[in-house]
Amino acid sequence: MTDVDAGTAGDAGDVWQLTLYVAGRTPRSVAALDNLKRICAEHLAGRYRVEVVDLVNQPDRAQGDEVLAIPTLVRRLPPPLRKIIGDLSDTEKVLVGLQLRPGGG
Amino acid sequence: MEAEVPILSESDVLERCPTGIKGLDEVTEGGLPRGRPTLVAGHAGCGKTLLAMEFLARGAHQYGEPGVFVSFEEDQKDLFKNFQSLGFDLRDLVARKLLAIDWVRVERSEIQETGEYDLEGLFIRIGAAVDRVGAKRIVLDTIESLFAGLTNDGIIRAELRRLLRFLKEKGLTTIVTGEAGGSGRFTKQGIEEYVSDCVIVLDHRVDSQLSTRRLRIAKYRGSAHGTNEYPFLIQSDGIDLIPITAIGVGSRTTTERVTTGIPRLDTMFDGLGVYADNSVLITGTAGTGKTTLVSHAVDAACRAGRKATFFAFEESVPQILRNLRSVGVDLGPWQDRGLLQFHASRPDLCGLEMHLLTIEAEVAKFEPAVVALDPITNFVNVGNAIEVRQMLTRLVDFLKARGVLTLMTSLTHGGAELEATNVAISSLVDTFVVLGWVRSEGERNRCLNIVKSRGMAHSNQTREFRITSAGIQIQDVYTGAGGLTGAARAAQEARERAEAVRLEQDVERRRALVHTRQEAFKARMRSMQAEFEAEQAAMLQQIAQDEASRTSAIEESQALADLRHSDREANGDGD
């Protein structure tokens with residue numbers, strides 16, 4: 001399932017492309033998606049696109065982004081590629097991981 | 001390692017999955033536990049990846065079992081390249097869907113961990129790869145990379161356990177590689193906790209500047225596996241393990257006898273020479289003629305149209321040929337005619353295993369009837385006595401199994417280590433010939449003794465021999481008192497000859513005396529007879545005269561009586 005959950009369209013050059021990998025509708029993947037939506041709404045309003053990939057249905061997608069852990073959030077754009085694993089419950093760490101907030105990488 | 005030790009029953013004896021790796025299936029009694037994980041632990045560069053990949057490649061090639069290689073280190077391109085040079089065409093296997101390679105890159109710097117996660121993504125990837133080729137075998141190389149890429153050890157360990165269970169449920173025979181750890185652990189991360197059926201430890205050591213790779217079955221549940229360390233080599237066609245005890249002694253034997261090339265030596269071997277598949281050890285101090293003795297047998301074999309291989313570990317080939325020519329053995333023509341191959345190498349150029357495998361490879365290729373190893377003692381420089389013995393045991397068994405006559409020379413010069421080696425080796429061989437010097441009266445002379453030769457009534461004599469321009473000449477059996485050689489023997493023989501002559505003369509003299517006496521006696525006999533005959537003749541003459549005179553007297557008196565007309569009766573017999 002390629003569930004494209006578009007936010008409000010913004011400037012084309014500034015759009016963040018995010019992919020969330022899950023495996024079935026587990027509580028953890030549901031939690032991850034909820035957390036992602038919340039964070040995006042708060043910090044990237046109008047300039048993000050999220051693709052959700054369920055590896056149970058598309059197992060071949062796992063190799064492309066080197067996905068091991070579930071859930072994994074991949075920031076494709078802007079470069080460089082970033083990966084955040086886990087249920088995204090720690091907002092601070094997600095923001096650091098997405099480089100929306102200074103504090104390491 | 002695991003808390004409970006189950007009581008073994010028939011069903012607990014694990015089914016084997018053959019690896020196809022030379023020697024490994026022998027030491028594991030058939031291969032790895034089928035459908036279960038095996039840990040291959042070792043330091044970097046000890047051959048873990050190679051062993052694992054060979055397991056898959058041979059599985060696909062030889063056993064029709066496709067495999068999946070999950071690489072956490074090298075990418076597919078590197079793997080293709082690395083294994084191409086080792087003779088595996090992985091690209092072809094991948095194209096034929098017999099192999100799937102999945103490179104899992106774990107880059108810690110790219111990953112931010114936020115909250116709970118699992119490794120379902122990895123499971124899905126592995127599952128997809130397994131399904132893609134219908135895999136029966138899988139390798140995880142090196143799973144420990146996960147610990148470097150992710151921070152939550154607790155999750156990794158739980159997931160690792162789950163992963164291995166998942167693979168087991170899928171019936172996959174799995175190799176998990178792990179970096180060697182210190183302080184009594186097989187691996188840094190203690191992977192052995194999750195892999196309880198079979199643990200193989202690889203090691204790469206450098207002793208005396210020689211590197212040796214070794215493999216040990218540290219654990220094999222329900223199996224009487226060999227606990228030895230087995231040296232192995234990485235050859236052009238993969239891993240070659242040397243299971244020394246694995247060949248066994250159940251080789252076929254022959255009753256065919258072949259000449260040693262020295263007729264009198266053949267005589268000492270029951271008159272028939274040695275068995276065609278014998279292993280012969282010729283020991284002796286420097287210069288006793290070991291190489292020459294061996295070359296006679298090689299020469300004789302080639303003369304009979306049999307092939308021979310000469311492994312020279314001391315001298316160069318031209319030097320050997322020149323030296324042998326000076327004693328009348330010319331091996332050059334045999335070499336030219338392709339009946340004889342020489343291989344000269346320095347024992348200390350590579351490890352024992354390499355030598356062993358080189359010898360085996362050459363013998364397998366050329367298939368000679370005779371193999372000469374001259375000398376084997378130089379190997380003591382390379383390995384210790386036990387290793388040398390193990391190597392030679394394997395070599396002797398290997399050659400015997402092929403029905404090859406093996407001629408080994410060994411130098412003795414009183415060194416305790418060498419002596420020990422010789423003692424150790426001599427029990428392996430069928431025939432043991434000792435060459436030595438006998439010192440006496442200011443000179444040294446060569447002598448030869450057959451210490452043992454299995455399966456024949458060999459000579460027990462110490463025989464003197466000379467190395468002449470026509471090769472080895474064994475002297476006559478000396479039947480006199482004392483064991484003498486050389487000039488002393490010659491002198492003794494001269495003395496004995498003089499004595500014999502003297503005796504002969506004595507006899508002659510006595511014989512002459514007897515003759516003289518006899519002649520004298522005969523002469524006396526003759527003279528006595530003549531004397532007697534003369535006497536007899538005289539006496540007979542006298543008798544005749546007397547008779548004649550008496551007759552005439554009677555006649556005269558008769559005439560008178562007639563004249564006087566006397567009575568016949570009255571004067572009949574009167575005188």
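Residues numbered from 1 in each chain as written. Chains lettered and ligands numbered in written order. Predicted model: local features only at pLDDT ≥ 70, side-chain atom pairs only at ≥ 80, totals over all residues.

Student: Give me the sheet that holds strand β21 (residues 443-453) of chain B: which residues, what numbers.
Tutor: Residue and element names in this part refer to chain B. Strand order in this open sheet of 9 strands is β17-β16-β18-β19-β15-β20-β21-β22-β23, and the pairing throughout is mixed. Single-partner strands in this sheet number two, and they are β17 (340-344) and β23 (471-474). Here the average twist between neighbouring strands, direction ignored, is 25°. As defined by bridge partners, strand β16 (residues 308-312) adjoins β17 across 5 bridges and the pair is classed as parallel. Its bridge partner lying in β17, F311 is registered against H343. Each of β16, β17 and β18 (370-374) touches helix α12 (residues 352-366); the most contacted strand, β16, lies at about 160° to it. (Pairing = 2+ DSSP bridges. Helix = DSSP H or I, 4+ residues; strand = E, 2+ residues; numbered from the N terminus. Axes fitted to C-alpha atoms, helices over the stretch in contact; angles between N-to-C directions. Contact = placed C-beta atoms within 7 Å.)

Student: I'd love a proper account of the pairing of strand β3 (residues 37-42) of chain B, names of residues and values included.
Tutor: Two faces, one strand: in a regular strand the side chains alternate between the faces of the sheet. Residues and elements named next belong to chain B. Counting buried residues in β3 gives 6 out of 6 residues, a clear majority hidden from the surface. Going residue by residue along β3, you find P37, L39 and A41 tucked away on one face and T38, V40 and G42 tucked away on the opposite face as well. Bridging between β3 and strand β8 (residues 173-179) involves 6 bridges; their strand directions are parallel. Within β8, the position partnered with L39 by the bridge is V176. (Buried ≥ 20, exposed ≤ 12 C-beta atoms within 10 Å, placed from the backbone.)

Student: How would you sum up unusual backbone geometry? Please name residues and give values.
Tutor: Cis peptide bonds are those with omega within 30 degrees of zero, and the linkage from I70 of chain A to P71 of chain A qualifies with 0°. If you trace the backbone, P71 of chain A turns up in the loop between α2 (61-64) and β4 (72-77). Look at the link from D141 of chain B to T142 of chain B: it is a cis peptide, with omega at -20°. Take T142 of chain B: it is sitting in the loop between β7 (137-141) and α6 (145-149). One non-glycine residue, E29 of chain B, lies in the positive phi region at around 55°. With respect to the helices, strands and loops of the structure, E29 of chain B is situated in the loop between α1 (24-27) and β2 (32-33). Of note, the phi angle at E367 of chain B is positive, near 50°, even though the residue is not glycine. Positionally, E367 of chain B belongs in the loop between α12 and β18.

None of this, on its own, says anything about what the molecule does.
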